[in-house]
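Structural characterization, general
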Amino acid sequence: LGEAELASPDRCMPGATFRMAFASASSAPRLLVTHRGAYTICSRPLRAPSARWAVRRRLWKASSGPATEAQISTVPVGKSMTSSEIREAFVKFYEDRGHERTESASLIPDDPTILLTIAGMVPFKPVFMGQEEPTARRRTSSQKCIRTNDIENVGVTKRHHTFFEMLGNFSFGDYFKKEAIVWAWELLTQVFEIPPQRLAVSVYKDDDEAYALWRDVVGVDEKRIARLGEEDNFWAAGATGPCGPCSEIYFDFKPHEGDDEIDLEDDDRFIELYNLVFMESNRSADGALVPLKEQNIDTGMGLERISQVLQQVSNNYETDLMMPIMQAAASVVDLDYNTATEQQQTSLKVIGDHTRAVIHMIADGVRASNVGRGYILRRLIRRIVRYGRLLGADGPFVSIVAKKAIKLGVDAGFENLNERLSSILGELEREESRFLATLERGEQRLQECLEKTDKQLSGSDVFELYDTFGFPLELTQE
């Protein structure tokens, strides 16, 4: 910026730090900006004035106003890596330590107690429970997962998703707490090059062994070790099944704020990166904890979260896992994500997240229906359509966005997406076509109901929307 622009408080942010980045020796530079723990990167060359403005606007929203130089942390963040590099580095690290590389299992689990694969340990649940003998004592994987219990937070918070990849290392009666803790720290600090002062850990309130390992073996300052209760540091895949105390590793966006009385629940400062579960019990239907046959290790690191950190973006959505999908959706309605309004960005985030989910569900054999996992698929597709209409899409567009998501998935190693390409696109096009007709009739009727009821619907109106116009309850509520 010129001197006149720098002198204007409306055009600059005191305390922000800037770094130049070059894709190649001949390319125009791009700009990485840090301001009070928030990170963003200019997606266009610096010669584009609108991109400079977008960087300033986005960072101003993410921070709480101007900051002094002393308030900005100079601690490095970690090694800059693509999501594919992160995934491979994680699996290779544990492969070098005797773990068998395991391909992601289907989103349709063998476990009849759950509809979809919700965690990295789900494919190994029979082994953890002693129902099957392990074919390998150590395994590592990047498991695709789907959870919809927090669907209303998707696109609203920085890190809620329906579809995500869970990087994990597992031990079936082999190593236990010491190795899991030491290796996790080594991976984060040496492979991903995250400085120790950027990390903090939690342990279960009664787990003195894990606390001592972090303090005495790894060397973490006691001020950066928190003892938390069962709600935070006791993990289970569901109401019943394998479970145990856990220890979590957090990334610190604001290490300059010091170590005194740190609050790991401060989402603006900390993000949970890596969960180490010390699987040693089975919870029965009556809530009783029964010791497992062997002590096991089950860990999970969300690929989206570690990508946010190492790619230095302000949320999981702006990583290379989802940004290309959001930009594809934005181009359909002639928008640019970086200059979109906050509401438009939320819609693009929902579309990006849900599109990843539905292509993998269909590829794994889920078909849209009104029950079970089929209903989850149908609901996600309909949310994509609805949020597209909020952006201004006036016709079919889902398959256009899905093609970008499929390409990213195939590049990441999910070959079944390419093998089931025609099935995926066909299912999406059929569901979108059906729902567009339903949506047009239902929205018109909903508007009529709202005009006569002072913004409050009766039960009979809600039922009519569902029974006659095909509007599910949650769609009416949204």
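The structure we're discussing is the one just above.
Described in the following lines is the structure provided in the data block.

Thresholds applied
Residues numbered from 1 in each chain as written. Predicted model: local features only at pLDDT ≥ 70, side-chain atom pairs only at ≥ 80, totals over all residues. Heavy atoms only, no water. Salt bridge = Lys/Arg side-chain N within 4 Å of Asp/Glu carboxyl O. Helix = DSSP H or I, 4+ residues; strand = E, 2+ residues; numbered from the N terminus. Buried < 20%, exposed > 50% of the residue type's maximum accessible area, 1.4 Å probe, protein only. Lys, Arg positive; Asp, Glu negative; His and termini not counted. Contact = heavy atoms within 4.5 Å. Core = buried A, V, L, I, M, F, W, Y, C linked by side-chain atoms within 4.5 Å. 1 Å grid on protein atoms, 1.4 Å probe; cavity = no way out; pocket = protein on both sides within 12 Å on 5 of 7 lines; lining within 4 Å. Points joined across faces, edges and corners; volume = space filled by probe spheres on them. Nonpolar A, V, L, I, M, F, W, Y, C, P; charged D, E, K, R; others polar. Phe/Tyr/Trp six-rings, centres within 6.5 Å; stacked < 30°, edge-to-face > 60°. Lys NZ or Arg CZ within 6 Å of the ring centre and 35° of its normal.

Here we look at the pattern of salt bridges
What the rule picks out here adds up to 31 salt bridges. For Glu431, the salt bridge identified is with Arg434, shortest N-O distance 2.8 Å. Note that Glu431 and Arg434 are positioned in helix α14 (residues 421–453) at a spacing of three residues, about one turn of the helix. Several salt bridges share partner residues, and in doing so they unite Arg224, Asp252, Glu257, Asp259 and Arg269 into one network.

As for the side chain of Arg159
Mapped onto the elements, Arg159 comes out in the loop between β5 (138–146) and β6 (163–172). For Arg159, which is buried and forms no salt bridge, the nearest opposite charge comes from Asp267, at a distance of 4.2 Å. Residues contacting Arg159, with those up to four places away along its chain left out, are Phe253, Asp267, Phe270, Ile271, Arg305, Gln308 and Asn316.

Considering the nonpolar core
Core analysis: the largest hydrophobic core is formed by 55 residues, its most contacted members being Ile359, Met361 and Leu428. At the level of elements, α9 (323–332), α10 (342–363), α11 (372–391), α12 (398–411) and α14 are the ones that each hand at least two residues to this core. Leave out the neighbours within four places in its chain, and Met361 touches Leu107, Leu116, Ile146, Val366, Arg373, Ile376, Leu377 and Leu380. In terms of nonpolar packing, the next biggest core, distinct from the first, is built from 45 residues, Phe93, Trp183, Leu199 and Trp214 among them.

Notes on the layout of surface pockets
If you add up the space inside the largest pocket, you get close to 1400 Å³. Residue lining of the largest pocket: 45 residues in total, with Arg147, His160, Glu248, Glu272 and Arg305 positioned closest to the centre. For the lining of the largest pocket, the elements supplying multiple residues, two or more each, are β6, α7 (230–233), β9 (234–236), β10 (241–252), β11 (270–283), β12 (289–302) and α8 (303–310). The biggest single contributor to the lining of the largest pocket is β11, with seven residues. Per-class residue counts for the lining of the largest pocket are 20 nonpolar, 10 polar and 15 charged.

Some words on α9
Of all the residues in α9, the buried ones are Met323, Ile325, Met326, Ala328, Ala329 and Ala330. The elements touched by buried residues of α9 are α10 and α12.

Comments concerning the packing of aromatic side chains
Here the structure, examined in full by the defined rule, presents 13 aromatic pairs. Here Tyr94 and Trp183 contribute two aromatic rings whose centre-to-centre distance is 6.5 Å and whose plane-to-plane angle is 75 degrees, an arrangement assigned as edge-to-face. Separated by 89 residues along the polypeptide, Tyr94 in helix α3 (residues 83–95) and Trp183 in helix α5 (residues 177–191) bring together distant segments of the chain. Under the relative-accessibility criterion, Tyr94 is labelled buried at 0%. What makes Trp183 buried here is its relative accessible area of 14%. Residues Phe463 and Tyr466 carry aromatic rings whose centres are separated by 6.5 Å and whose planes lie at 50 degrees to one another, so their mutual orientation is tilted. Of the two residues, Phe463 and Tyr466 both sit in helix α15 (residues 459–467), three residues apart, roughly one turn of that helix. Like Phe463, the residue Tyr466 is exposed in the burial classification. A network of ring pairs unites the aromatic residues Phe90, Phe93, Tyr94, Tyr175, Trp183 and Tyr274 as a single cluster. One cation-aromatic arrangement involves Arg227 over Tyr211; the distance from NZ or CZ to the ring centre is 4.4 Å. Lying over the aromatic face of Tyr387, Arg386 brings its terminal NZ or CZ to 5.1 Å of the ring centre.

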